[in-house]
Amino acid sequence: MEEDPIYTKDGTVDMHNNPAVKSKTGNWKACPFIIGNECCERLAYYGMSTNLVVYLKTRLHQGNATAANNVTNWSGTCCITPLIGAFIADAYMGRYWTIASFSVVYVFGMTLLTMSASIRGLRPPCNNGVCHPKKAQSEVFFLALYLIALGTGGIKPCVSSFGADQFDENDEYEKRKKSSFFNWFYLSINIGALIACSVLVWIQTNVSWGWGFGIPAVTMAIAIVSFFSGTRLYRHQKPGGSPLTRIFQVVVASFRKFNVKVPSDKFPLYENAKEESAIQGSRKIDHTEEFRFFDKAAVVTETDNIKGVVDPWRLCTVTQVEELKVVVRLLPIWASGIVFATVYSQMGTMFVLQGSTMDLHMGKHFEIPAATLSIFDIISVIFWVPVYDRFIVPVARRYTGHDRGFTQLQRMGIGLVISIFSMLSAGILELVRLRMVKEHNYYDLEHLPMSIFWQVPQYFLVGLAEVFNFIGQLEFFYDQAPDAMRSMCSALSLTTGAAGNYLSTVLVTIVTTISTKGGKVGWIPNNLNQGHLDYFFWLLAVLSLLNFAVYLLIARWYTYKRPKGAVRL
């Protein structure tokens, strides 16, 4: 006789919208398809973005500061568009169909980018190594770039959350596995990036940009195939309706009851009488004491018709109020990641520009592109992820007693500290490089007799910082998000990258404006041998130290979410 199937307890459903059976769906058996998709998608993304600053300089004839700002602006947009994809996923389409739909836009953008670099008429004409792009050619190139930014907006906030959805939140055994999923998910990102930063950067530099962009386009198509291959195994969280509407309802209801006094006891506050939450796909959230002004939205007054149809713009459940409180509590943690993201963005800009002034030879005859050095950031992540998961966590668990070794906030804080040392390392290297320039009068020398491999420590430190901060942030924002707002909160965490890139642009602009006053060459001139790039790295190190001090205060203040009850299907 066949045993009755055991269903998940977190409200997930299968592809036919039936409750998900544990033995047939989700868990690690579904994850290879999601991880494979992410690996290929990130290979495509980094395959066209890692060397982008070089393409802008050599093919679109842009200066150092302009090229660096265009890269950081585009990278920032890639971190803003996830808010669009996340809203659509949480409110209407669900994560699965959002990923599928936006992937089509992504592939179209990659195809147009390949055409702009390979087809005569779209490709900028070059004479004696100097290119002269027409306005229309630049416009087509940037159109392709921003189509990719839109496409990635539907994938980035959903794919990590969709992977985490495969583990039952209410099953302690599966919940422990979910923590490991984020580590291995991030590892897959870096395996894709490893191939992109080595093989594809070399192809772009030594074969052609057409091939260098064409291969990532094909890889993105493979990513879609990988994703659809696991369809029958996936667990799906139902979309819970517009999270923004629910947030605005709490705000409006709170102000409507501005003069209403909040009771000292939480029990009179309005909540759905059933065990399930009133929000589809979500559990109830226990009441917390912070931000009590918003509790006014859950205070029942004489005008509220709680026995009939409740007007959500006048009366909200405690869970709905707590959703808003969770988001408000996340915002300071989000803000503390901006400076770290600024440090991280230097790998695609200032690290590359610094490396391009050094000896690019590996052996006597083989010359590597400066952007290839980012491979050591990736190698660092690939090395440290299994070390962290298999060794550091068990050792830390013995001392802290915490199931994950460190709390998510502790993990993120360690990453912030390591990032300070990465900037110190970059600054010290630049100081030594400029001293060599001064001592030997190398001001007009294109490549100094100083190996680019001296940059390895700063890349390696950034990679180690990522393992602690970025992965911790992914897990933290998924865990702390209300059940029906997980894509939105994942997108919120990604926008630290946008804010970090934009902050980098602002800093470069301010530094360039101030340091070039009075006819001076400035900190970041086109000829870095005449500038002071080290000052820029010192500036980032100081900002990172101040940011960490503020983060400690924020982390001590933070209150973790307390979910309870069953999920409404």
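Residues numbered from 1 in each chain as written. Predicted model: local features only at pLDDT ≥ 70, side-chain atom pairs only at ≥ 80, totals over all residues. Heavy atoms only, no water.

**Student:** Got a minute to help me understand the overall build of the protein in this structure?
**Tutor:** A count of helical and extended segments in the protein gives 16 helices and six strands. Relative to a compact globule of 569 residues, whose C-alpha radius of gyration would be 25 Å, the protein shows 25 Å and is just as compact. Reported as C-alpha extents along the three principal axes, the dimensions of the protein are approximately 85 × 55 × 50 Å. Evaluated residue by residue, the protein yields a buried proportion of 57% over its 569 residues. (Helix = DSSP H or I, 4+ residues; strand = E, 2+ residues; numbered from the N terminus. Rg over C-alpha atoms; globule rule 2.2 N^0.38 Å. Buried < 20%, exposed > 50% of the residue type's maximum accessible area, 1.4 Å probe, protein only.)

**Student:** Help me understand unusual backbone geometry in this model?
**Tutor:** Residues apart from glycine generally show negative phi values, whereas peptide bonds are mostly found in trans. Located in the positive-phi region is asparagine 17, a residue other than glycine, with phi close to 70 degrees. On the secondary structure map, asparagine 17 appears in the segment before α1 (27-49). With a phi close to 55 degrees, asparagine 441 is a non-glycine residue in the positive phi region. With respect to the helices and strands, asparagine 441 occurs in the loop between α13 (408-440) and α14 (456-480).

**Student:** Please clarify how the pattern of salt bridges should be interpreted in this entry.
**Tutor:** If the charged atoms of two oppositely charged side chains come close together, the side chains can form a pair. Overall, the coordinates contain 13 salt bridges when judged by the stated rule. Glutamate 323 is the partner of arginine 246 in a salt bridge, and the nearest nitrogen-oxygen pair spans 2.8 Å. Taken together, the positions of arginine 246 in helix α8 (residues 243-256) and glutamate 323 in helix α9 (residues 318-336) put the pair 77 residues apart, joining distant regions of the chain. Of the two residues examined, arginine 246 and glutamate 323, each falls in the buried class. The closest approach of N and O atoms between arginine 329 and glutamate 290, which form a salt bridge, is 3.5 Å. Residue arginine 329 is found in helix α9, and its partner glutamate 290 is found in the loop between β4 (284-285) and α9; the two are separated by 39 residues along the sequence. Overall, the relative accessible area of 1% leaves arginine 329 in the buried class. (Salt bridge = Lys/Arg side-chain N within 4 Å of Asp/Glu carboxyl O.)

**Student:** Could you clarify how one ought to interpret the nonpolar core in this entry?
**Tutor:** Counting 127 residues, the largest nonpolar core has Trp74, Phe141, Ile333 and Phe536 as its most contacted members. With 13 residues, the top contributor of residues to this core is α14. Here isoleucine 333 is in contact with Leu409, Met412, Phe476, Phe477, Tyr551, Ile554 and Tyr558, once residues within four sequence places are set aside. Membership of the second largest hydrophobic core comes to 15 residues, among which are Ile247, Val250, Ala297 and Leu324. (Core = buried A, V, L, I, M, F, W, Y, C linked by side-chain atoms within 4.5 Å. Contact = heavy atoms within 4.5 Å.)

**Student:** What exactly am I supposed to notice about α1 here?
**Tutor:** At 3.6 residues per turn, the α-helix brings residues three or four places apart onto the same side. With 23 residues, α1 should cover 33 Å at 1.5 Å per step; its first-to-last C-alpha distance of 32 Å lies within 8% of that length. Counting buried positions along α1 gives 18 out of 23 residues, so the element sits mostly inside the fold. (Expected span 1.5 Å × (residues − 1).)

**Student:** I tried to follow the packing of aromatic side chains on my own but got confused; where do I start?
**Tutor:** The geometry of an aromatic ring pair is captured by two quantities: the separation of the ring centres and the angle between the planes. In the structure shown here, the tally under the stated rule is 40 aromatic pairs. Ring geometry for phenylalanine 162 against phenylalanine 227: centres 5.9 Å apart, planes inclined by 55 degrees, an arrangement best described as tilted. In this pair, phenylalanine 162 sits in helix α5 (residues 135-164) while phenylalanine 227 sits in helix α7 (residues 209-229), placing the two residues 65 residues apart along the sequence. By relative accessible area, phenylalanine 162 is classed as buried at 1%. According to the relative accessible area criterion, phenylalanine 227 is buried, its value standing at 1%. Taking 5.7 Å as the distance between ring centres and 80 degrees as the angle between the ring planes, the aromatic pair formed by phenylalanine 476 and phenylalanine 477 counts as edge-to-face. Against the face of tyrosine 46 rests arginine 42, its NZ or CZ located 5.6 Å from the ring centre. (Phe/Tyr/Trp six-rings, centres within 6.5 Å; stacked < 30°, edge-to-face > 60°. Lys NZ or Arg CZ within 6 Å of the ring centre and 35° of its normal.)

**Student:** Quick question: what am I supposed to make of the side chain of serine 188 here?
**Tutor:** On the secondary structure map, serine 188 appears in helix α6 (residues 172-206). By relative accessible area, which is 4% here, serine 188 ends up buried. With residues near it in sequence (within four places) discarded, serine 188 still touches Ile35, Glu38 and Cys39.

**Student:** Mind showing me how you'd approach the packing of helix α3 (residues 64-80) against helix α15 (residues 486-515) here?
**Tutor:** The contact between α3 and α15 brings their axes to 7 Å, and the two run at 160 degrees. Classed by the angle they form, the pair α3 and α15 counts as roughly antiparallel. In terms of crossing hand, the pair formed by α3 and α15 is left-handed. Contacts from Asn69, Thr72, Asn73, Ser75, Gly76, Thr77, Cys79 and Ile80 in α3 reach Ala491, Leu494, Thr495, Gly497, Ala498, Asn501, Tyr502, Ser504, Thr505, Val508 and Thr509 in α15. Its residues assigned to classes, the contact of α3 with α15 shows seven nonpolar, 12 polar and no charged. (Axes fitted to C-alpha atoms, helices over the stretch in contact; angles between N-to-C directions. Parallel < 35°, antiparallel > 145°, perpendicular 65-115°, else oblique. Left-handed = near helix turned anticlockwise from the far one by under 90°. Nonpolar A, V, L, I, M, F, W, Y, C, P; charged D, E, K, R; others polar.)

**Student:** Please clarify how the state of the cysteines should be interpreted in this entry.
**Tutor:** By definition, a disulfide links the sulfur atoms of two cysteines through a covalent bond. What the rule picks out here adds up to zero disulfides. Free cysteine: cysteine 31, not disulfide-bonded; nearest cysteine sulfur from cysteine 39 at 15 Å. No disulfide involves cysteine 39; its sulfur sits 5.5 Å from that of cysteine 40, the nearest cysteine. (Disulfide = S-S within 2.5 Å.)

**Student:** Honestly, α9 in this entry has me stumped. Any pointers?
**Tutor:** With 19 residues, α9 should reach 27 Å at 1.5 Å per residue; the first-to-last C-alpha distance of 28 Å fits that figure. Along α9, the sharpest kink reaches roughly 25 degrees, centred on leucine 330 and followed within four residues by the proline proline 332. Across the 19 residues that make up α9, a large majority, 14, are buried. (Bend = angle between axes of the 7 residues up to and from the residue.)

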